[in-house]
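Residue-level structure breakdown
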Amino acid sequence: MFEDLLVWYNGKLVPWKTVTIPVLSHGFSRASAVFEIFGIHVGPDGPAAFRMDQHFKRLMRSVELLEMELPYTEDELAEAVAETVRVNNLGRGVIKLMAFWGEEAVIKLVLEGKLDVAIFPVPDTPDLHLDSSEPISACLSKWRKIHPETVPVEAKACSNYLNGYLARKDAKNRGFDTAVMAGTDGFLAEGSTESIFLVKDDVLKVPPLGRVLNSISRRSVLEMAPVLGIPSSEETMLPSALLDADEIFSAHTGIKVSPIDRYEDRTLNAPGPITAKLMAAMQNILTFKDERFLHWFQPL
Ligand SMILES: Cc1ncc(COP(=O)(O)O)c(C=O)c1O
């Protein structure tokens, strides 16, 4: 589907299909890989990346938490993204950046040396459902969010996604779009690949960092709230808070704010007024209409 596109791979632009690694590579067989995914939006001056600076900060932190090393600086990666966007003439879409040990490691558990880096340009297609405003359904997963003392949940590590995969599979098996997970401490954590927000008595609430991914969309919503006059709080909550929330929504890079209209056997008015306000504000931001947030974009 994307075979005509060029991928930035360790400093060179190469055909998509040639970016492969051995099955016994450390990155594949030991899941020693981290990644980032962020939106490309077309503004009045051409394509721009949504909060790429924040995504790169998180990438650097993921690499540090996993005691690995990247061969490129944030500035070099920004230039590589710009080159990838330019050469592929990418309009609205996403960039997926993977950093991994591509080297074969048949037995070895700990490797030395710098990570390989591949930057994939992904154009918007109907399959991606980018920026969809359709409400979704969610259930409470039988799976718990991985405990932060087992692997760093703050890192965007590919290995952590098996947890999200199982939760999403559980949800699909039960007829829901996505799943919400509690931590092993029983408190509300996050969705399979999304942050979970609720609104109660006009206050926007989200579980605190520490047991969830340091999501850029979560941060963006929390930064927008005071500008829009919405009180917000990061607080420890039980999953039962979702049973009497006035509104629930999820947030992640592809679909910034997704209203939830069914949670377990509850139906909710979705989007409720605060979710709708955030969705409209986000839409304005992503179409470069809100000057207060233009600094969230990096021109490419
Ligand atoms: C577990 C989890 N939480 C939240 C998010 C949303 O993070 P971001 O806003 O950085 O895309 C993701 C995205 O993949 C995720 O996997």
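Given the structure is predicted, the values throughout are model-derived calculations rather than measurements.

**Here we look at the site of the ligand**
What surrounds the ligand is the set Gly164, Glu190, Thr193, Glu194, Ser195, Leu213, Ser215, Ile216, Ser217, Arg218, His252 and Thr253. For the shell around the ligand, the leading source of residues is helix 5 (residues 216–227), giving three residues. Tallied by class, residues from the shell around the ligand come to two nonpolar, seven polar and three charged.

**Overview of the pairing of strand 14 (residues 258–263)**
Among the six residues in strand 14, five count as buried, and that is most of the element. Note: strand 7 (residues 136–140) against strand 14, three bridges, orientation parallel. By the bridge assignment, Ser137 is partnered in strand 14 with Arg262. Between strand 13 (residues 247–251) and strand 14, which pair antiparallel in sequence order, lie six residues. As defined by bridge partners, strand 14 adjoins strand 15 (residues 266–267) across two bridges and the pair is classed as antiparallel.

**As for the sheet that holds strand 3 (residues 33–43)**
Each strand in a sheet pairs with its neighbour through backbone hydrogen bonds, running either in the same direction (parallel) or in the opposite one (antiparallel). Strand order in the open sheet formed by seven strands is 2-1-6-5-3-4-16, and the pairing between neighbours is antiparallel. Edge positions in the sheet fall to strand 2 (12–15) and strand 16 (297–299), since each of these pairs with one other strand and no more. Neighbour-to-neighbour, the strand axes of the sheet open up by a mean angle of 30°, direction not taken into account. Bridge analysis of strand 3 against strand 5 (residues 93–100) gives eight bridges, and the strand direction is antiparallel. Paired with Ile37 across the strands is Lys96, a residue of strand 5. Relative to strand 6 (residues 116–123), helix 3 (residues 74–88) is tilted by about 40°, and along the sheet it contacts strand 1 (6–9), strand 2, strand 3, strand 4 (46–50), strand 5, strand 6 and strand 16.

**Quick notes on unusual backbone geometry**
One can expect most non-glycine residues to show negative phi and most peptide bonds to be in trans. Residue Pro271 is bonded to the preceding Ala270 through a cis peptide linkage, with omega at 0°. Of note, the phi angle at Asn89 is positive, near 55°, even though the residue is not glycine. With respect to the helices, strands and loops of the structure, Asn89 is situated in the loop between helix 3 and strand 5. For Glu264, which is not glycine, the phi torsion reads 50° and is therefore positive. On the neighbour-count criterion, Glu264 (14 C-beta atoms within 10 Å) is partly exposed.

Cut-offs applied
Residues numbered from 1 in each chain as written. Predicted model: local features only at pLDDT ≥ 70, side-chain atom pairs only at ≥ 80, totals over all residues. Near = placed C-beta within 6 Å. Helix = DSSP H or I, 4+ residues; strand = E, 2+ residues; numbered from the N terminus. Nonpolar A, V, L, I, M, F, W, Y, C, P; charged D, E, K, R; others polar. Buried ≥ 20, exposed ≤ 12 C-beta atoms within 10 Å, placed from the backbone. Pairing = 2+ DSSP bridges. Axes fitted to C-alpha atoms, helices over the stretch in contact; angles between N-to-C directions. Contact = placed C-beta atoms within 7 Å.

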